[in-house]
Amino acid sequence: MGLVILLVMAAGVALMLTRRLPTAFALVLLAVVIAFLAGAPLTGENSVLDTVLQEGAPTLAATMIAIILGSWLGKLLDETGIAGTLVRKIVEFGGDRPTVVALGVLAVSALVGTVTGSAPAAMLAGIIGIPAMIAVGVPKVTAAGTVLMGIAVGIPFELPVWQFFSTALNLPIPTVRGFMVKLFPFALVAALAFVLVETRRRGTEHSWSLKSVEAKPRSRREQLGDAPWYALLAPAVPLVLALGFELAIIPSLLAGVLYALVTTTRPGEMNKRLLRTLYGGFEVAAPPIALFIAIGVLLAAVKLPGAVDALEPLVKAVSPHNPVVFVLVFTLLVPLCLYRGPLNVFGLGAGIAGVLIATGIYPAAAVLGMATSYNQVFGVADPTSTQTVWSAQYAGVTPQQVMVRTLPYVWAVALGGLCVTAATYL
């Protein structure tokens, strides 16, 4: 039966790769089929309806709330002009020096990446940053990759991601935070190397940008001027509270929302702005929330006793325990997290992580190391991820071009994360 479940998982991957079904729908269908194959009854204890669907759907509720708050803060950064001001100041400082401008956009992208992920983060940093880089001679593929590599630098400190791994892997936040801090230097070095190597190796390309810095209609915030200097600290507020003062994630994000609001908005306009940006945040958060509901359902299915008993012998047979072999094997498997592959943690990879933990193959902390290392690759180089697609298209290149250019750098980040995992937890 374990082999049949693995074949069903492979079919699920095929459905997602061929886009026959959206990822969230495919994961729920996969979860229901696995539950039936595992011998789960329709209702009652360890059942399809009560355990997998009813209890599984809200499993990642805390992550969903964190996603909403992060999206809310992201909308505030956009509407109040905080993100735009950060990028414009960096561009003004860099002048006509391509490498300096690119490093500045990288820094802003990293800061924004700690608040929100996916396409919203790319847009906040890239709407102005990508045309500005292209205008001073940064090649288009490098410009798109710079924004994505910057977001990847921020991912280890993205609070909703902490909450996701904490809930999905049943780990305390301090454990997640501790590994993310260890992963951060690899992401930072890789991003700096990307900018320094690619801008110098490719030289300057003074090509006509498909976009213009002024292509976006001037918002009310831009018409009024830049955001106050003290408001520019808003993206860092949640991170300082959560990392420096070890405050809980949801209160930290709420503090960031309030800080951004108070430092940019007149008292009489606060209510309207709060509601407007909150509703806008819900629109941004809807796709990942749907995905997290589906992931919760899948996690509930693979943790059923019947599924664990069926999969344990097969998974044990192919899972390396020697630290060196562990690093080599899972480094070679990095491409399987691309194109919504089986090791993509925001897809079937979440189910595989659940299996590894439920069967006791690896400790949960080791699975955390694997999943977060792969997530660094997916967040930059996957041609199907929304931030990669948006950045590439906005720069006037294809997502595949961005993947080819960035993959060696993020592959090295994954290798570093897997080495830390093996040395620490195996």
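Structural notes, computed from the coordinates. (Residues numbered from 1 in each chain as written. Predicted model: local features only at pLDDT ≥ 70, side-chain atom pairs only at ≥ 80, totals over all residues. Heavy atoms only, no water.)

**Structural notes on the overall build of the chain**
Argument step 1. When you go through the chain residue by residue, the secondary structure sums to 20 helices and zero strands.
Argument step 2. Across its three principal directions, the C-alpha atoms of the chain cover 65 × 50 × 40 Å.
Argument step 3. Looking at the 426 residues of the chain, the share that counts as buried comes to 57%.
Argument step 4. Considering only residue pairs separated by 6 or more positions, the chain has 80% of its internal contacts joining residues 24 or more positions apart.
Argument step 5. One finds the centroid of the 25 positive side-chain charges in the chain at a distance of 8 Å from the centroid of its 19 negative side-chain charges. (Helix = DSSP H or I, 4+ residues; strand = E, 2+ residues; numbered from the N terminus. Buried < 20%, exposed > 50% of the residue type's maximum accessible area, 1.4 Å probe, protein only. Contact = heavy atoms within 4.5 Å. Lys, Arg positive; Asp, Glu negative; His and termini not counted. Charge placed at Lys NZ, Arg CZ, Asp CG, Glu CD.)

**Re the pattern of salt bridges**
Argument step 1. Evaluated as defined, the whole model comprises six salt bridges.
Argument step 2. Between R276 and E79 there is a salt bridge, with the nearest N and O atoms lying 2.5 Å from each other. Note that R276 is positioned in helix α14 (residues 270-302) and E79 in helix α4 (residues 61-79), a separation of 197 residues in sequence.
Argument step 3. For R276, a relative accessible area of 44% corresponds to the partly exposed category.
Argument step 4. With a relative accessible area of 23%, E79 lands in the partly exposed category. (Salt bridge = Lys/Arg side-chain N within 4 Å of Asp/Glu carboxyl O.)

**A closer look at empty space enclosed by the protein**
Argument step 1. Inspection of every chain in the model, using the stated rule, returns two cavities of 30 Å³ or more.
Argument step 2. Computed from the structure, the largest cavity encloses a volume of approximately 90 Å³.
Argument step 3. Lining the largest cavity are L343, V345, G349, I352, A353, L356, V367, M370, A371 and Y374.
Argument step 4. Looking at the lining of the largest cavity, the elements that each hand over two or more residues are α17 (348-358) and α18 (364-381).
Argument step 5. Here the second largest cavity is characterised by a volume of approximately 30 Å³. (1 Å grid on protein atoms, 1.4 Å probe; cavity = no way out; pocket = protein on both sides within 12 Å on 5 of 7 lines; lining within 4 Å. Points joined across faces, edges and corners; volume = space filled by probe spheres on them.)

**As for the packing of aromatic side chains**
Argument step 1. Per the stated rule, a full pass over the model turns up 13 aromatic pairs.
Argument step 2. Where F330 meets Y362, the ring centres are 6.3 Å apart and the plane angle is 75°; that geometry is what we call edge-to-face. Taken together, the positions of F330 in helix α16 (residues 323-332) and Y362 in the loop between α17 and α18 put the pair 32 residues apart, joining distant regions of the chain.
Argument step 3. Its relative accessible area of 9% is what places F330 among the buried residues. (Phe/Tyr/Trp six-rings, centres within 6.5 Å; stacked < 30°, edge-to-face > 60°.)

**Side note on the side chain of T142**
Argument step 1. Structurally, the position occupied by T142 is in helix α8 (residues 140-154).
Argument step 2. Side-chain polar atoms of T142 contact the side chain of R405, separated by 3.3 Å. (Polar contact = N/O pair within 3.5 Å; in protein donor to acceptor, adjacent residues only side chain to side chain.)

**Digging into α17**
Argument step 1. The element α17 is largely enclosed, with a buried count of eight among its eleven residues.
Argument step 2. Its buried side turned inward, α17 meets α1 (2-17), α2 (23-37), α14, α15 (305-318) and α18.
Argument step 3. Following α17 by one or two positions, G360 has its phi on the positive side, about 75°.

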